[in-house]
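Structural characterization, general
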Amino acid sequence: MSNKVHILIIEDEKSICNFIKAALQVQDYRISIAHTASEGLSIITSRCPDLVLLDLGLPDMDGSEIIRKVREWSSLPVIVISARTQEREKVQVLDLGADDYITKPFGSSELLARIRTALRHNNQLVTPNGGPSSCYKVGDLCIDFARRIVTLAGEEIHLTAVEYKLVSLLAKNAGRVVTHDAIMTQVWGPYVEEDNRILRVNMANIRRKIEKNPAEPQYIFTEIGIGYRMAEETN
Ligand code: CA
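Residues numbered from 1 in each chain as written. Predicted model: local features only at pLDDT ≥ 70, side-chain atom pairs only at ≥ 80, totals over all residues. Heavy atoms only, no water.

1. Digging into the overall build of the protein
- For the protein, the helix and strand inventory stands at eight helices and 14 strands.
- Computed over its C-alpha atoms, the radius of gyration of the protein comes to 19 Å, within 12% of the 18 Å expected for a compact globule of 235 residues.
- Of the contacts made within the protein by residues no fewer than 6 positions apart, 58% connect residues no fewer than 24 positions apart.
- Total accessible area on the protein stands at roughly 11700 Å², and carbon and sulfur atoms take up 49% of it. (Helix = DSSP H or I, 4+ residues; strand = E, 2+ residues; numbered from the N terminus. Rg over C-alpha atoms; globule rule 2.2 N^0.38 Å. Contact = heavy atoms within 4.5 Å. Areas by Shrake-Rupley, 256 points an atom, 1.4 Å probe, with all protein chains shown as cover.)

This is how it looks when you write it as structure tokens:
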């Protein structure tokens, strides 16, 4: 499954970009780089990365503006990277919805630890009894969010990156209806066309892969005219 974790670095200082890139490459992350805020926003909205490392001092816009815009439609983890050390500013970006904060200069092990933590939090399910879980399990279907692997009766199911995003989004909201618009925005970004065809096509492919009888789904249910609902976990 081409499911490497995709990290976007938004940073205008080339030397810091190179340092971060080198640290992430060793860990087998997929990396995109933007040197301006507008470039960064366009990558976020078109390619929906899994995590963003964000510098606050950007040439065209303050990085906090990016957090504000992204939080209007996404819970994508954002780690702020900045030279600013004032507590007030840290609180401000965290209040805006940043997941974490790392101050320059920092070492690669500190950076990688922060990334792992932010990804882990984002991958956690809240189970019916309130505790976090990193797996979704109903019947024969199992989704391991930490390893990004989907299995059916123990056999790995090969999903595309988009199919995995769809399934994991629904599983993290298991038992709840997720609307077409919410799915489209979370998976394809806020500027996606109104037409849901791309969603229906992907959903049909997913069902063919995970459902015994796609016409009578066991895992992902259609709420006609509204969206989809994934079966709730059973203990
Ligand atoms: Ca900067």
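Don't stop here, the text continues.
2. Some thoughts on the sheet that holds strand β8 (residues 135-138)
- Reading across from one edge, β8-β9-β10-β11 is the order of the four strands in this open sheet, with antiparallel pairing throughout. What marks the edges here is a single partner per strand, and that holds for β8 and β11 (155-157). This sheet shows a mean twist of 25° between the axes of neighbouring strands, independent of strand direction.
- Two strands pair when backbone bridges link them, and β8 and strand β9 (residues 141-144) are joined in this way by four bridges, in the antiparallel orientation. Its bridge partner lying in β9, Y136 is registered against I143.
- Along the sheet face, helix α6 (residues 161-172) touches β8, β9 and β10 (149-152) and points at about 100° away from the line of β9. (Pairing = 2+ DSSP bridges. Axes fitted to C-alpha atoms, helices over the stretch in contact; angles between N-to-C directions.)

3. Concerning the coordination of the calcium ion
- Within the first shell, the calcium ion binds the protein through D12 (OD), D55 (OD) and G57 (O), at distances of 2.2 to 2.4 Å.
- Sequence positions of the residues that donate to the calcium ion give the spacing D-x42-D-x1-G. With D12 in the loop between β1 (6-10) and α1 (14-26) and D55 in strand β3 (residues 51-55), this residue pair connects regions lying 43 residues apart in the sequence.
- According to the relative accessible area criterion, D12 is partly exposed, its value standing at 28%.
- Owing to a relative accessible area of 4%, D55 belongs among the buried residues under this scheme. (Donors = N, O, S within 2.8 Å, 3.2 Å for Na, K, Ca; no water. Buried < 20%, exposed > 50% of the residue type's maximum accessible area, 1.4 Å probe, protein only.)

4. Section: the packing of aromatic side chains
- Applying the stated criterion to the full structure yields one aromatic pair.
- Seen from their ring centres, F19 and F106 are 5.9 Å apart, and the 55° between their planes marks the pair as tilted. Pair noted here: F19 is in helix α1 and F106 is in the loop between β5 (100-103) and α5 (108-123), with a separation of 87 residues, a long-range link.
- Overall, the relative accessible area of 35% leaves F19 in the partly exposed class. (Phe/Tyr/Trp six-rings, centres within 6.5 Å; stacked < 30°, edge-to-face > 60°.)

5. Some points on the pairing of strand β14 (residues 227-230)
- Sheet analysis places strand β12 (residues 177-179) next to β14, joined by three bridges and oriented antiparallel. By the bridge assignment for β14, T179 is matched with G227.
- Of the strand pairs in this sheet, strand β13 (residues 220-223) and β14 are connected by four bridges, and their pairing is antiparallel. Bridged to I220 within β14 is M230.

6. Here we look at the domain arrangement of the protein
- Domain annotation for the protein reports domain 1 (6-123) and domain 2 (126-230).
- Here the C-alpha centre of domain 2 lies 27 Å away from the C-alpha centre of domain 1.
- With nine residues of domain 1 in contact, the opposing surface of domain 2 contributes 14 residues.
- Counting across the interface, domain 1 meets domain 2 through one salt bridge.
- A salt bridge links D50 to R148; the nearest nitrogen and oxygen atoms lie 3.4 Å apart.
- There are three residue pairs in polar contact (both at pLDDT 80 or more) connecting domain 1 and domain 2.
- If you list the elements that add at least two residues to the side of domain 1 that touches domain 2, you get α2 (37-47) and α5.
- Among the residues forming the side of domain 1 that touches domain 2, the class breakdown is two nonpolar, five polar and two charged. (Domains from an automatic or database assignment. Salt bridge = Lys/Arg side-chain N within 4 Å of Asp/Glu carboxyl O. Polar contact = N/O pair within 3.5 Å; in protein donor to acceptor, adjacent residues only side chain to side chain. Nonpolar A, V, L, I, M, F, W, Y, C, P; charged D, E, K, R; others polar.)

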